[in-house]
Amino acid sequence: MSEGQNILVAAKVTRRFGGLVAVNEVDFTIPEGSIVSLIGPNGAGKTTFFNVLLGIIDPTGGTVEFRGRQMIARPRRIGLESLVWVAPSVVIVLAALALGSTGILSGGGIAVAGVAAIGFLIGTLLLAIVRPLWYQKLLLRLGIFRSARPNDMVQAGVARTFQNIRLFKNMTAVENVLIGMHTQMHSSLLDGFFSTRRARREEDLSDRRAQELLTVVGLHGIGNELAKNLPYGDQRRLEIARALAAKPRLLLLDEPAAGMNPRETLDLTKLISKLRSELGLTVLLIEHDMKVVMGISDRVTVLDAGRKIAEGTPEEVRRDPRVIEAYLGTPAA
Amino acid sequence: MTAPAAAADAPPSRSLSGDSARALTQLGIVAAALIVAFLVLGPEQFINALTLGAIYALVAIGYTMVYGIIELINFAHGDVFMVGTFVSLSFLTSLGFSGAVRDPALLVVLLVAVFIFTSVVMGLVGVLIERSAYRPLRNAPRLAPLITAIGVSFILQNIVQIFYGPFQTNAPQIFPTDAFFEVGNVKIPILSFFIIAVAVGLMLGLQLFIGRTRMGRAMRSTALDRDAAALMGVNINRTIAITFFIGSALAGAAGVVYGLQYGVTRFDLGFQAGLKAFTAAVLGGIGNTVGAALGGFIIGFIEVAAVAFGYGRWGPAVVFGVLVIVLVFRPAGLLGQQVGERA
Amino acid sequence: MSVVQDVPAPGGSRGFRMRIGTLSARHRSWTIIIGMAIVAAVLPTLALVPPFSSFQNQASWIDGFTNAGVFVLLALGLNLVVGVAGLLDLGYAAFFAIGAYAYAYAASPFGNEILGIDVAALLGDAKGLIFWPMLIIGALVAATFGILLGAPTLRLRGDYLAIVTLGFGEIVPIVFLNADDLTNGTNGIGGVFRPYLPGVGSFTAIDPWPYYLTMIGLITIVMIFCYRLAESRIGRAWEAIREDELAAAANGINTVTTKLLAFALGASTAGIAGVFNAAKLTVVSPDQFGFVVSFTVLAMVVLGGMGNFWGVAVGAFVIYTINNVVLKTLNQFFDTLGIPILEDIDFIGLQFLLYGIALVGMMLLRPEGLFPNSRRKRELHAEVTQPGEDEMTLPEVTEEGGR
């Protein structure tokens, strides 16, 4: 992916709840390496749109592509998947019965077939749970599409922070970051069981990397503090460190400046800039704090009542009459 | 990028005629199911199923109300029902009654007395349990009140076992079980009609209460959004206590009914009966009292059908199987609402 | 966790405990092996000492310890599910039953006939050899059922999962009870082979030591695995899920497979316990696997200290001993004393009342159990911090079948 391409392309994303249309055919692209913001009054649909992007809820319409791959869309032919699961077993049973009635297969053979059918059923069930890549490709070929879940998005390279800080409060800072690293670590169950050298090496490396990430966000030295004992500003940073641990390409920050004083806000903007300049991250920001939005964004998108009403540079958006109207007054300069 | 000119939202997906149509189809389905059941089971078993279903319905309502308001599966509720059977039988035996009472006036008085007594006592027991075991844990992680509920269940069972022993205890069937309506060559026990009438009456009374009274509104609003209700001035603790009272009182009434119908009870009645009643509540849509009633009757039919077709021993397994299937494929139950989708 | 506290340890007993904790964390497996070896040696010795020696002879004591060990295994497995991963399983006995019946099918005349094999003919007097591979096969069979049950149900919310597992726990014994042709119904399957070890021969009902030592070995192995898992990447994922499932998913954890893994591993431990139990009792019948068993194991996990494997093991042992020894003794004691009211109380019957009271009391006063995992203690006594529905504008719902 070269500079200037879009890392995320959302096309006509729609989400209905019964009669209410929370997100109404929103087109949204994020150029790689940029910092974009999504703003709008409360109830504009930002959160819902955000949730769709992250795989928390399925859209009612539209698609989201990430790095060229369709991740999110309305599920297609989900019911068919159940058929795929039982098909092999049913085929075996029917074949066995047919062969048995013509006398080719003995009673013992039918029993074996029965066991094989059960085995296949369990196998397909496991497939459905684990969902290896080839299985997903097979489903796609059959026209079955299941929208990505939050953990799939993380796997693909999208990480996020929460509006209300959802750290694991009773774990230490380092442990929180290690959780963030989950997708980057590869020790399996057996590695865990037998405490293999590979597992132990990975743990050591991960510890070190976790400490480094803490340093990157400015939290050096507090690794063993419980997350809930950290001051508010540090908690926000920790959440960002945790998100960074997943080696994302796109970072979604949900109101990261909420509750911060002006100095903390300034530090935060510096940190976000650093993330883009030093780590090459693309950042999507949902924010109400206009200083942050206007100060750091390459581009601002405005939602109101589920629709995009304006998009452009901070300057353009600030002067847009529709935006002013939607917000009932000019944003703080 | 400009938005399309006409920002027309979709019209509300329901219209009045849509609602009525849906209600009519639902009623039609129920009627059809009843007719099929009648034909399959025959009149006597049909009435049996209704009677058993009525008992389950009364217990299921308690489960669903409590879950609706504090999102707790009250494991002890089945045992409240069981204690109700013992309370009613001890009330009757201590007054000196051990068999059918033939004098209609006396019978009526006794029935009213035992129903009121048992319901009130069990209602108070329910409130006591809520206050001492569940209220302190209202904000604890979900595991804690669940475990406590199991503990309470065991406590109740064992207290009863201490007083009445582990064996079957006889309950005075003061309502004559040999009085029948004869229709053609079919004999329907009058007791069954009485039970069904009582159950339906109680359920209707409950619906009126929930729908029309201030406390009923308080209960509904607390179930929907506790914080908002509190902000509106609803006394949450009192509302929850009353919910428990009503649910447990209904279970107590079910206990009276059970004693009248079956004449025996045991300390461990509550466990399986409770589980089946909970299945009924889930089947009907947890949090929905009409659903609980509906579910109760359905479970009653399933169980009687299983016995009628010779699969009595498998009865419980079938019911629990229903529970698992419902929770897996349609956790909202029959009348529950599909509240949005979760990826 | 591999991250070791390098904050200077406080003094006094808390410091001592922390130092022990750190030391044992660093050399987990050895700690367990040594600890279990000490236990294995101490218990039979205690049995020779008054007042224990006057109660019953050493052989009976050791036999009792072995039986307690079955519950220790069960408690360890359930701890993985309930204590570490936070999934409430109320039907754990079902997997215990599945393991036991699996062994019965492989290792009894009745079972062999159903399966169409003849182990006795194959192995002759050493037919008990089948016990050892069956420990693993039984675990796998139980794990399979764990996956079959868990796959559709683990996305349900906690309470619903509890009920579903409860229902499953009821269904399994009923199936074993009623499928007479396949399972011999109420009579159960008898004639189950005792284990056979070359050099030792077939285990017997008279000599308690082979069973005892086997159980010690099993507990040691299972405990090592449990600790290793809990301290690995998977264990971290379980804890994250338990604390905040949404945040866990938002960090890339596949909550479905991770929960399923906990469930399957818990089930496999119960399977192992089932195989052993069947080989010791030489008979399996449905009444061995009722809700009482599920509940007892749950009580052991809760009271022992959810999340802490040693705590749970000790809790299981203590509770079992209380049930089977102390309460019996109290009965005898008060009978001989002739105190009027106390004499009439059946303490054994009371045990569930005591469980109930103990559980309620625990939840109200010390929900983290007697020997808690320090993190659990923090969690359970923390200020109310509702994870809440900040991200979703919808009320929290049961996870519906949109899949």
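Residues numbered from 1 in each chain as written. Chains lettered and ligands numbered in written order. Predicted model: local features only at pLDDT ≥ 70, side-chain atom pairs only at ≥ 80, totals over all residues.

A. Examining the overall build of chain A more closely. Helix and strand counts for chain A stand at 13 helices and 10 strands. For chain A, the spread of C-alpha atoms along the three principal axes comes to 85 × 50 × 35 Å. When each of the 333 residues of chain A is scored for burial, the buried share is 42%. When contacts within chain A are restricted to residue pairs at least 6 apart in sequence, long-range pairs at least 24 apart make up 70% of them. (Helix = DSSP H or I, 4+ residues; strand = E, 2+ residues; numbered from the N terminus. Buried ≥ 20, exposed ≤ 12 C-beta atoms within 10 Å, placed from the backbone. Contact = placed C-beta atoms within 7 Å.)

B. The sheet that holds strand β8 (residues 282–286) of chain A, seen in detail. All names here are of chain A. In spatial order, the strands read β6-β7-β8-β3-β9-β10; together these 6 strands make up an open sheet with mixed pairing. Where the open sheet ends on each side, the last strands, each with one partner, are β6 (158–160) and β10 (307–312). Between one strand axis and the next, the sheet turns by 20 degrees as a mean value, whatever way the strands run. Packing of helix α10 (residues 262–279) onto the sheet brings it into contact with β3 (35–39), β7 (250–254) and β8, and relative to β8 it is tilted by some 155 degrees. (Pairing = 2+ DSSP bridges. Axes fitted to C-alpha atoms, helices over the stretch in contact; angles between N-to-C directions.)

C. Just the confidence of the model for chain A, in detail. On average, residues of chain A score 86 in pLDDT, and 96% of them are at 70 or above. Of all helices and strands in chain A, the one with the weakest mean pLDDT is helix α7 (residues 189–194) of chain A (76), whereas β6(A) scores best (94). (pLDDT = per-residue confidence, 0-100.)

D. Looking closely at the interface of chain C and chain B. The interface is formed by 44 residues belonging to chain C together with 44 residues belonging to chain B. For the side of chain C that touches chain B, the elements supplying multiple residues, two or more each, are α8 (131–153), α9 (158–178), α15 (291–304), α18 (347–365) and α19 (374–381) of chain C. For the side of chain C that touches chain B, the element with the most residues is α9(C), which contributes 14 residues.

E. Focus on the pairing of strand β5 (residues 69–73) of chain A. Residue and element names in this part refer to chain A. Looking at chain direction, strand β4 (residues 61–66) and β5 are connected through 4 bridges and run antiparallel. Paired with Glu65 across the strands is Gln70, a residue of β5. Between the antiparallel neighbours β4 and β5 lie 2 residues, among them Arg67 with a positive phi of about 50 degrees.

F. Up close: the packing of helix α6 (residues 173–180) of chain A against helix α9 (residues 232–244) of chain A. All names here are of chain A. Taken N-terminus to C-terminus, the directions of α6 and α9 make an angle of 35 degrees; their axes are 7 Å apart at the nearest point. In the crossing of α6 with α9, the sense of the turn from one axis to the other is right-handed. Taken together, the residues of α9 that come into contact with α6 (itself represented by Ala173, Asn176, Val177, Ile179 and Gly180) are Leu238, Ala241, Arg242 and Ala243. Residues that form the contact of α6 with α9 fall into these classes: 6 nonpolar, 2 polar and 1 charged. (Left-handed = near helix turned anticlockwise from the far one by under 90°. Nonpolar A, V, L, I, M, F, W, Y, C, P; charged D, E, K, R; others polar.)

G. Spatial organisation of helix α4 (residues 143–164) of chain B. All names here are of chain B. Across its 22 residues, α4 extends 32 Å between first and last C-alpha, which sits within 8% of the 32 Å expected from 1.5 Å per residue. Burial analysis of α4 places 17 of its 22 residues in the buried class, the great majority of the element. Gly165 occupies a position one or two residues after α4 and carries a positive phi of about 75 degrees. (Expected span 1.5 Å × (residues − 1).)

H. Representation of the domain arrangement of chain A within the structure. Residue and element names in this part refer to chain A. Each assigned domain of chain A is listed with its residue range as follows: domain 1 (1–74 + 147–157 + 249–333), domain 2 (78–141) and domain 3 (167–247). The distance between the C-alpha centroids of domain 1 and domain 3 comes to 27 Å. Where the side of domain 1 that touches domain 3 is concerned, the elements lending two or more residues are α5 (150–156) and α10. In the side of domain 1 that touches domain 3, the residues fall into 5 nonpolar, 2 polar and 1 charged. (Domains from an automatic or database assignment.)

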